[in-house]
Amino acid sequence: MQLKSLLTLAAAAAISALAVPAHAQTAAKELFGRVPLPSVSEPQAHGFYSKGCISGAVAMPVDGPTWQAMRLERNRRWGHPKMIALLQRLSREAVQDGWPGLLVGDISQPRGGPMLSGHASHQVGLDADVWLTPMPDRRLSVSERANMSAVSVLKKDSLHVDPRKWTPAHARLLKRAASYPEVQRIFIHPGIKKAMCDTYGEERANDPWMNKLRPYYGHHYHFHIRLFCPEGSPGCKPQQSTGSGNGCDKSLDWWFTSEPWAPKKPKPGAKPAKPRVVTLADLPAACARVLGEPAPADESLVTFDSGYDPRLARSTAVPVEPPRVAASRLPPIVPVPARRPE
């Protein structure tokens, strides 16, 4: 049985399994991380990229002519329709740049919100990870998508790209992605930013697309696309502007001298501080409502492809009880170290 059919069959059981009243002090990741399907309301992003949720999300199809979704078991291929449309457009147009297709990583959970593991952001359906590994010329199995690793484009033990791995097609892919007006910024490793500056910097001194490429640690296996808050989402909180210039100046040099990703060493004898657990009360008020909104009768009704019709999805929506978790039935909450939001 295909994965989307399994998810659909599990939806009602999974929602009713979380069946004791949700309260404001429940860990938000336990509520959002276990909801299998989105709401079927108007698409809206609520809150900030690292502190919010989404209503009316749609799914990236598992496969397309020029993309394949990865890590299907995570159920994180949901996003605002504008994000899913942009990924599909990028996958098609990047073929002109010599890129055979996208391997799409995490986008968001069905209703966004904090995740059980991993990202600090990706909470409002406007973030997406795209692997820096070209799509192979065959369909990957579910097992391969779960277990294969993206390939770093850096030299071993270096902050700079490996010319044997980094290609002109990589550069053209990033340039195209950053050129879309909907894109607010793209996170890439500082070494990749340096490579882009070496290729395009002098001729693009004031080009807005180059400025959107923002150096950030950890992004040497994939790049992270972030969209502007879309129309129709008044509760979406925008990120600050990327400013002017192309980012190929002293601000880039800082990443190679300060190593801001290196964790600070604790003082001898100091006890590590316990990070505060994010609860539903910490999120925008709309997120409590989002958890209780109706779900689609079938995942196929909210999969964004040529046959997607939001009216059909809403007309067949299934009322659900808000996800609920009894404190006595929750697994112990193990706080994870706070991460700087992407």
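Residues numbered from 1 in each chain as written. Predicted model: local features only at pLDDT ≥ 70, side-chain atom pairs only at ≥ 80, totals over all residues. Heavy atoms only, no water.

Under an unreviewed UniProt entry, the protein has the name Penicillin-insensitive murein endopeptidase and belongs to Oricola thermophila.

1. A word on the packing of aromatic side chains
To be explicit about the condition: Any pair of Phe, Tyr and Trp rings, taking the six-membered ring for Trp, is counted once the centres come within 6.5 Å. Such a pair is stacked with planes under 30 degrees apart, edge-to-face with planes over 60 apart, and tilted for the rest. A run of DSSP states H or I qualifies as a helix once it reaches four residues; a run of E qualifies as a strand once it reaches two. Both are numbered from the N-terminal end. Three exposure classes are used, based on accessible area relative to the maximum for each residue type with a 1.4 Å probe and protein chains only: buried under 20%, partly exposed in between, and exposed over 50%. For a Lys NZ or an Arg CZ to count as sitting over a ring, it must be within 6 Å of the ring centre and within 35 degrees of the ring normal.
Applying the stated criterion across every chain yields a total of six aromatic pairs. Seen from their ring centres, Phe187 and Tyr216 are 5.4 Å apart, and the 55 degrees between their planes marks the pair as tilted. On the criterion of sequence distance, the pair formed by Phe187 in strand S9 (residues 183-188) and Tyr216 in the loop between strand S10 (213-215) and strand S11 (222-227) is long-range, its members being 29 residues apart. The residues Phe187 and Tyr216 share a single accessibility class, namely buried. Consider the rings of Trp254 and Trp255, whose centres lie 5.1 Å apart with planes at 80 degrees: the pair is edge-to-face. For Trp254, a relative accessible area of 39% corresponds to the partly exposed category. Members of the aromatic cluster, joined through ring pairs, are Phe187, Tyr216 and Tyr217. Positioned above the aromatic ring of Tyr49 is the side chain of Arg226, whose terminal nitrogen or guanidinium carbon lies 4.2 Å from the ring centre.

2. What about the pairing of strand S8 (residues 127-131)?
Which entries qualify depends on this criterion: Between any two strands, at least two bridges found by DSSP are needed for them to pair.
For S8, the tally of buried residues reaches five of five residues, placing the bulk of the element in the interior. Here S8 shows no split at all, with Asp127, Asp129 and Trp131 on one side and Ala128 and Val130 on the other all buried. Relative to S11, S8 runs antiparallel, the two sharing five bridges. Considered in S11, the bridge of Trp131 is made with His222.

3. Quick notes on the pattern of salt bridges
Stated precisely, the cut-off is as follows: The term salt bridge refers to a side-chain nitrogen of Lys or Arg lying within 4 Å of a carboxyl oxygen of Asp or Glu.
For the structure shown, the criterion picks out 16 salt bridges. One salt bridge connects Arg34 with Glu30, and the closest N-O pair in it is separated by 2.8 Å. Across the pair Arg77 and Glu299 runs a salt bridge whose closest N-O atoms are separated by 2.5 Å. Pair noted here: Arg77 is in the loop between strand S5 (67-69) and strand S6 (78-79) and Glu299 is in the loop between helix H9 (286-292) and helix H10 (310-315), with a separation of 222 residues, a long-range link. A relative accessible area of 5% means that Arg77 is categorised as buried. Within the structure, one salt-bridge network assembled from shared partners comprises Arg89, Glu93, Asp97 and Arg176.

4. Quick notes on the packing of helix H6 (residues 190-200) against helix H8 (residues 250-257)
When two helices pack together, their arrangement is given by the angle between their axes and by how far apart the axes lie. Under the convention used in this document: All axes here are fitted lines through C-alpha atoms, helices being fitted over the stretch that makes contact, and every angle between N-to-C directions spans 0 to 180 degrees. Angle categories: roughly parallel below 35 degrees, roughly antiparallel above 145, roughly perpendicular from 65 to 115, and oblique for all the rest. Crossing chirality is assigned from the near helix's rotation relative to the far helix, an anticlockwise turn below a right angle marking it left-handed and a clockwise turn marking it right-handed. Two residues qualify as a contact provided that any one of their heavy atoms is within 4.5 Å of a heavy atom in the partner residue. For this classification, Asp, Glu, Lys and Arg are treated as charged, while Ala, Val, Leu, Ile, Met, Phe, Trp, Tyr, Cys and Pro are nonpolar and the rest, including Gly, are polar.
Viewed as axis vectors pointing N to C, H6 and H8 meet at an angle of 140 degrees, and their least axial separation amounts to 10 Å. The angle between H6 and H8 places the two elements in the oblique class. Between H6 and H8 lies a crossing of left-handed hand. Contacts between H6 and H8 involve Pro190, Gly191, Lys193, Lys194 and Cys197 from the first element and Leu252, Trp255 and Phe256 from the second. A class-by-class count of the residues in the contact of H6 with H8 yields five nonpolar, one polar and two charged.

5. Comments concerning the state of the cysteines
Cysteine pairs can be linked by a disulfide, which is a covalent bond between their two sulfur atoms. Using the following cut-off: When two cysteine sulfur atoms lie within 2.5 Å, the pair is treated as a disulfide.
For the structure shown, the criterion picks out three disulfides. Covalent S-S linkage joins Cys229 and Cys236, the inter-sulfur distance amounting to 2.1 Å. The S-S bond linking Cys229 to Cys236 shows a torsion near -70 degrees; that makes this disulfide left-handed. Overall, Cys229 belongs to the partly exposed group, its relative accessible area being 24%. Given a relative accessible area of 9%, Cys236 falls into the buried group. Sequence-ordered numbering of the disulfide-bonded cysteines in the protein gives the connectivity 1-6, 2-5, 3-4.

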